[in-house]
Amino acid sequence: MSFITLCKNRYSCHHFIPDKTIEKDIWQKLFAPVQLTPSGYNCQPWKFVVVQDINKKQEIQKRAFNQKHLSTCSAIIIALADSNIGREAQTIANQWLDLGKINEDQAQSMIASMQKKTSPEQKKIQALRSTMLACMTLMYSATDLGLATCPMMGFDQKKVGQLLELEKDFFPALMIAIGYQDMSQKSIRLPRKNINDIITFM
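Residues numbered from 1 in each chain as written. Predicted model: local features only at pLDDT ≥ 70, side-chain atom pairs only at ≥ 80, totals over all residues. Heavy atoms only, no water.

Student: Explain the overall build of the protein here, please?
Tutor: On a plain count of helices and strands, the protein comes out with seven helices and four strands. For the protein, the α and β elements follow one another from N to C terminus as α-α-β-α-β-α-α-α-β-α-β. With the C-alpha coordinates aligned to their principal axes, the bounding extent of the protein is approximately 60 × 45 × 35 Å. Within the protein, residue pairs in contact and separated by at least 24 positions form 80% of the contacts whose partners lie at least 6 positions apart. Of the roughly 12,700 Å² of accessible surface on the protein, a fraction of 53% belongs to carbon and sulfur atoms. If you average the places of the 25 positive and of the 18 negative side-chain charges in the protein, the two averages end up 6 Å apart. (Helix = DSSP H or I, 4+ residues; strand = E, 2+ residues; numbered from the N terminus. Contact = heavy atoms within 4.5 Å. Areas by Shrake-Rupley, 256 points an atom, 1.4 Å probe, with all protein chains shown as cover. Lys, Arg positive; Asp, Glu negative; His and termini not counted. Charge placed at Lys NZ, Arg CZ, Asp CG, Glu CD.)

Put into structure tokens, the structure is as follows:
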């Protein structure tokens, strides 16, 4: 389908067909485009936890204010952002060097930039920006595969993080309910702002 059709078909779904499993091969196809998502320094500071187990889904639902569609979706995808991109600075710089995109001096500058001391909040913001791009890619990919998604920010990040026993420096950035939409309950899309209202030319 064309990209504009893909955008129009992407919809925040709140009514999924219960108990419908997403086949294993679909997951590989779903995440393939996510690998192509741009990120600062190409550091790709994200990981995804796919929760399909009914008991774990229920535990997450409790930490997401008991939102109903979490009980009917096929899975809950939790996007994790890595606030310490400096940990892989040398590897990332080497990749740039190997491809001839930078020289040795530029590589050292890149490493210094990635490892420079900034506030924990600033590091989180940097990781969050890139991870959100990956999440949008994931949702378009899902739409292209006939799946429905619902991005969710309404959850307790700290409690979800504790439940997942995350690696140091990783934090839950976004939760995405995914599955097959119950078309009998699809509602009308909410209105969008006029194009001229969201653009300023200077």
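Student: How should I be thinking about the packing of aromatic side chains in this particular structure?
Tutor: Any two aromatic rings considered together are summarised by their centre-to-centre distance and by the angle between their planes. Scanning all chains against the criterion turns up three aromatic pairs. Measuring from centroid to centroid gives 5.4 Å for Phe3 and Tyr140, while their planes differ by 65 degrees, and the two rings are edge-to-face. One end of the pair, Phe3, is in helix H1 (residues 3-9); the other, Tyr140, is in helix H6 (residues 120-144), and 137 residues separate them in sequence. Between Phe31 and Phe48, the ring centres sit 5.3 Å apart and the planes meet at 55 degrees, which makes this aromatic pair tilted. Of the two residues, Phe31 is situated in helix H2 (residues 24-31) and Phe48 in strand E1 (residues 46-51); the sequence distance between them amounts to 17 residues. Sitting above the plane of the Phe171 ring, Lys124 keeps its charged end 5.0 Å from the centroid. (Phe/Tyr/Trp six-rings, centres within 6.5 Å; stacked < 30°, edge-to-face > 60°. Lys NZ or Arg CZ within 6 Å of the ring centre and 35° of its normal.)

Student: Just to check I follow, could you spell out the pattern of salt bridges for this structure?
Tutor: Should their charged atoms come close, side chains of opposite charge can pair. Throughout the structure, instances matching the rule amount to six salt bridges. Salt-bridge contacts for Glu167 lead to Lys47; the nearest nitrogen and oxygen are separated by 2.6 Å. A residue pair is termed long-range when its members are at least 10 positions apart, and Glu167 in the loop between helix H7 (157-164) and strand E4 (170-179) and Lys47 in strand E1 qualify at 120 residues. Overall, Glu167 belongs to the partly exposed group, its relative accessible area being 45%. Residue Arg87 is joined to Asp82 by a salt bridge in which the shortest nitrogen-to-oxygen separation is 2.9 Å. Take Asp82: its relative accessible area is 6%, and that puts it in the buried class. Through salt bridges with shared partners, one network takes in Glu59, Lys62 and Arg63. (Salt bridge = Lys/Arg side-chain N within 4 Å of Asp/Glu carboxyl O. Buried < 20%, exposed > 50% of the residue type's maximum accessible area, 1.4 Å probe, protein only.)

Student: Can you help me understand the packing of helix H4 (residues 89-98) against helix H5 (residues 104-115) in this one?
Tutor: Each pair of packed helices can be described by the angle between their axes along with the distance between the axes. At a minimum axis distance of 9 Å, the contact between H4 and H5 shows a crossing angle of 150 degrees. The angle between the axes of H4 and H5 places the two elements in the roughly antiparallel class. The handedness of the crossing between H4 and H5 is right-handed. Within the contact between the two elements, H4 uses Ala89, Gln90, Ile92, Ala93, Trp96 and Leu97 and H5 uses Glu104, Ala107, Met110, Ile111, Met114 and Gln115. Here the contact of H4 with H5 is built from residues that sort into nine nonpolar, two polar and one charged. (Axes fitted to C-alpha atoms, helices over the stretch in contact; angles between N-to-C directions. Parallel < 35°, antiparallel > 145°, perpendicular 65-115°, else oblique. Left-handed = near helix turned anticlockwise from the far one by under 90°. Nonpolar A, V, L, I, M, F, W, Y, C, P; charged D, E, K, R; others polar.)

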